[in-house]
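The chain contents come next:
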Amino acid sequence: MALTITVNERRESVTAAPDTPLLYVLANDLALNGPRFGCGLAQCGSCSVLVDGVETRSCVTPVAGVEGKRVTTLEGLAGLLRKARETHDAAGRSIRFSRP
């Protein structure tokens, strides 16, 4: 089944069964190695990704469950940090303090 998911701000089309763990799609189809297979039971956290900003264990999350959501892996964190820094810098420059 063809699914469209957004990973690290990029829309990706993947062919997988809806119940395929997200971790397998990230590693095998998208060649992203940040999330790792650990326990396979959602306990160790090595497979963690952000789904709409919430930590999610990708080893037990079906790929169909992230359609229409934003997935961020370790590889995508640099982009998030850059955006946060730009937002912070822009806000800092727009604030003006005047001395009496």
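Look above for the structure.
Right, let's walk through the structure included here. (Residues numbered from 1 in each chain as written. Predicted model: local features only at pLDDT ≥ 70, side-chain atom pairs only at ≥ 80, totals over all residues. Heavy atoms only, no water.)

### Let's talk about the side chain of Thr-61
For step 1, the next point in the chain: The topology assignment puts Thr-61 in the loop between strand 4 (54-57) and strand 5 (70-72).
For step 2, the next point in the chain: Taking relative accessible area as the criterion, Thr-61 reaches 14% and is therefore assigned buried.
For step 3, the next point in the chain: A polar contact of 2.7 Å, which involves the side chain of Thr-61, links it to the backbone oxygen of Arg-57.
For step 4, the next point in the chain: Filtering out sequence-adjacent residues up to four positions away, Thr-61 remains in contact with Thr-20, Pro-21, Leu-22, Thr-56 and Val-66. (Helix = DSSP H or I, 4+ residues; strand = E, 2+ residues; numbered from the N terminus. Buried < 20%, exposed > 50% of the residue type's maximum accessible area, 1.4 Å probe, protein only. Polar contact = N/O pair within 3.5 Å; in protein donor to acceptor, adjacent residues only side chain to side chain. Contact = heavy atoms within 4.5 Å.)

### Considerations on the sheet that holds strand 3 (residues 48-51)
For step 1, the next point in the chain: Taken in spatial order, the five strands line up as 2-1-5-3-4 in an open sheet, and their pairing is mixed. For this open sheet the edge positions go to strand 2 (10-15) and strand 4, each flanked by a neighbour on one side alone. Pairwise comparison of adjacent strand axes, ignoring direction, gives a mean angle of 40° for this sheet.
For step 2, the next point in the chain: Pairing between strand 1 (residues 2-7) and strand 5: two bridges, direction parallel. Bridge pairing links Thr-6 to Arg-70 in strand 5. (Pairing = 2+ DSSP bridges. Axes fitted to C-alpha atoms, helices over the stretch in contact; angles between N-to-C directions.)

### Section: a nonpolar patch on the surface
For step 1, the next point in the chain: A cluster of nonpolar side chains, contributed by Leu-74, Leu-77 and Leu-80, occupies part of the molecular surface with about 240 Å² of accessible area.
For step 2, the next point in the chain: Here Leu-74 is to be found in the loop between strand 5 and helix 2 (77-94).
For step 3, the next point in the chain: By relative accessible area, Leu-74 is classed as exposed at 57%. (Patch = residues over 30% accessible without salt bridge, like charges linked within 9 Å, V, L, I, M, F, W, Y side chains within 5 Å. Areas by Shrake-Rupley, 256 points an atom, 1.4 Å probe, with all protein chains shown as cover. Salt bridge = Lys/Arg side-chain N within 4 Å of Asp/Glu carboxyl O.)

### Quick look at the nonpolar core
For step 1, the next point in the chain: Counting 15 residues, the largest nonpolar core has Ile-5, Leu-22 and Val-63 as its most contacted members.
For step 2, the next point in the chain: Those elements giving two or more residues to this core turn out to be strand 1, helix 1 (22-29) and strand 3. (Core = buried A, V, L, I, M, F, W, Y, C linked by side-chain atoms within 4.5 Å.)

### Quick notes on the pairing of strand 3
Looking along a regular strand, one sees the side chains alternate between the two faces of the sheet.
For step 1, the next point in the chain: Of the two faces of strand 3, only one is covered, namely that formed by Val-49 and Val-51; the face formed by Ser-48 and Leu-50 stays uncovered.
For step 2, the next point in the chain: Sheet topology note: the strand 3/strand 4 ladder contains four bridges and is antiparallel. Paired with Ser-48 across the two strands is Arg-57, which belongs to strand 4.
For step 3, the next point in the chain: Examined bridge by bridge, strand 3 and strand 5 share two bridges and lie antiparallel to one another. Within the sheet, the bridge partner assigned to Leu-50 lies in strand 5 and is Thr-72.

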